[in-house]
Amino acid sequence: MSAAYFITGTDTDVGKTTVAAGLLHAARQAGKSTAAGKPVASGCEVTPRGLRNADALALLAECSLPLAYAEVNPLAFEPAIAPHLAAREAGVALTVQALLKPMQHILDKQADFTLIEGAGGWRVPLADQDNLSDLAKALQLPVILVVGVRLGCINHALLSAEAIARDGLPLVGWVANIIDPKTSRLEENLATLAERLPAPCLGRVPRLKQPTAEAVAEYLQLDLLD
């Protein structure tokens, strides 16, 4: 039976893709077929085959289904700026409708485990009054939240969880990604998150020298999503 999730973060650069790749790897280890989508990505590199985003490539590497890069990441922009600004500079209408069909195409492949990864945090602007969170709503996907554990993470996590609930989507799990292992009162902060977030913690990922998908997967409990 296929399962699909929208994965978001408490901010940008909190290890969302690192965790997403780890979850996909864990699913593959469990014998599940996998697929992923990164609907929009900025900060892409110019290559002979076109623009390529490192995060989208990391997801593609953990997809067991045969997917082309353009299927995983249909909208790619070179500047490492907010996606709606990059799209505006490129003359592209970055709307929910522009992203909905290609992401539904990924979901229609019915992989056992599918992740659609957002960009930055939950309330990332698109064109007009659209937000990337509106895509998650349109797809009606349950949400996994990656919490970048550092000073201030409790506030960011709780506000993100509140926004997700306000948008009518279930938060089904969260992952503590330890960005700053020297965070004061680390264990107390993690305990507060576990107490206050309305979903199970799928794992605590320490600061790794080489955060490969395989290494990250060892710290994740995919069965808590069942």
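Residues numbered from 1 in each chain as written. Predicted model: local features only at pLDDT ≥ 70, side-chain atom pairs only at ≥ 80, totals over all residues. Heavy atoms only, no water.

The name an unreviewed UniProt entry gives the chain is ATP-dependent dethiobiotin synthetase BioD, with Pseudomonas hygromyciniae as the organism. Regarding the chain, the relevant UniProt record gives this comment under Subcellular location (unreviewed entry): "Cytoplasm". Check the Catalytic activity (unreviewed entry) section of the UniProt entry for the chain; it says "(7R,8S)-7,8-diammoniononanoate + CO2 + ATP = (4R,5S)-dethiobiotin + ADP + phosphate + 3 H(+)". (UniProt positions renumbered as here; feature names shortened; annotations may be inferred.)

Glancing now at the UniProt feature "binding site: Mg(2+)" (unreviewed entry) in the chain. When the UniProt feature table is mapped onto this chain numbering, "binding site: Mg(2+)" (unreviewed entry) sits at Thr17, Asp55 and Glu117. Of the residues just listed, which span 101 residues, no C-alpha pair is farther apart than 9.5 Å, and they cluster in one region. Topologically, aspartate 55 is positioned in helix α2 (residues 54–61). Its relative accessible area of 32% is what places aspartate 55 among the partly exposed residues. Beyond its immediate chain neighbours, meaning those up to four positions away, aspartate 55 contacts Thr17 and Lys38. In terms of polar contacts, aspartate 55 uses its side chain to reach the side chain of threonine 17, at 3.3 Å. (Helix = DSSP H or I, 4+ residues; strand = E, 2+ residues; numbered from the N terminus. Buried < 20%, exposed > 50% of the residue type's maximum accessible area, 1.4 Å probe, protein only. Contact = heavy atoms within 4.5 Å. Polar contact = N/O pair within 3.5 Å; in protein donor to acceptor, adjacent residues only side chain to side chain.)

Further remarks concern the packing of aromatic side chains. By the definition in use, this model includes two aromatic pairs. Aromatic pair tyrosine 5 and phenylalanine 113: ring centres 5.7 Å apart, planes at 45 degrees, arrangement tilted. Of the two residues, tyrosine 5 sits in strand β1 (residues 3–9) while phenylalanine 113 sits in strand β7 (residues 113–117), which places them 108 residues apart along the sequence. Across the pair, phenylalanine 113 and tyrosine 5 agree in class, each one buried. Here the aromatic rings of phenylalanine 6 and tryptophan 122 are separated by 5.9 Å at their centres, their planes lie at 90 degrees, and the arrangement is edge-to-face. Here tryptophan 122 lies in the loop between β7 and α6 (132–139) and phenylalanine 6 lies in strand β1, a separation of 116 residues in the sequence. Taken as a pair, phenylalanine 6 and tryptophan 122 share a single burial class, namely buried. A cation over a ring is seen here: arginine 52 above tyrosine 69, with NZ or CZ 4.2 Å from the ring centre. (Phe/Tyr/Trp six-rings, centres within 6.5 Å; stacked < 30°, edge-to-face > 60°. Lys NZ or Arg CZ within 6 Å of the ring centre and 35° of its normal.)

Counting across every chain of the model gives seven salt bridges. Lysine 109 is the salt-bridge partner of glutamate 71, the closest N and O atoms lying 3.7 Å from each other. With glutamate 71 in helix α3 (residues 69–72) and lysine 109 in the loop between α5 (96–107) and β7, this residue pair connects regions lying 38 residues apart in the sequence. By relative accessible area, which is 32% here, lysine 109 ends up partly exposed. For the salt bridge of arginine 123 with aspartate 167, the shortest nitrogen-to-oxygen distance reads 2.7 Å. A residue pair is termed long-range when its members are at least 10 positions apart, and arginine 123 in the loop between β7 and α6 and aspartate 167 in the loop between α7 (153–166) and β9 (171–178) qualify at 44 residues. On the basis of relative accessibility, which here comes to 39%, the residue arginine 123 falls in the partly exposed class. (Salt bridge = Lys/Arg side-chain N within 4 Å of Asp/Glu carboxyl O.)

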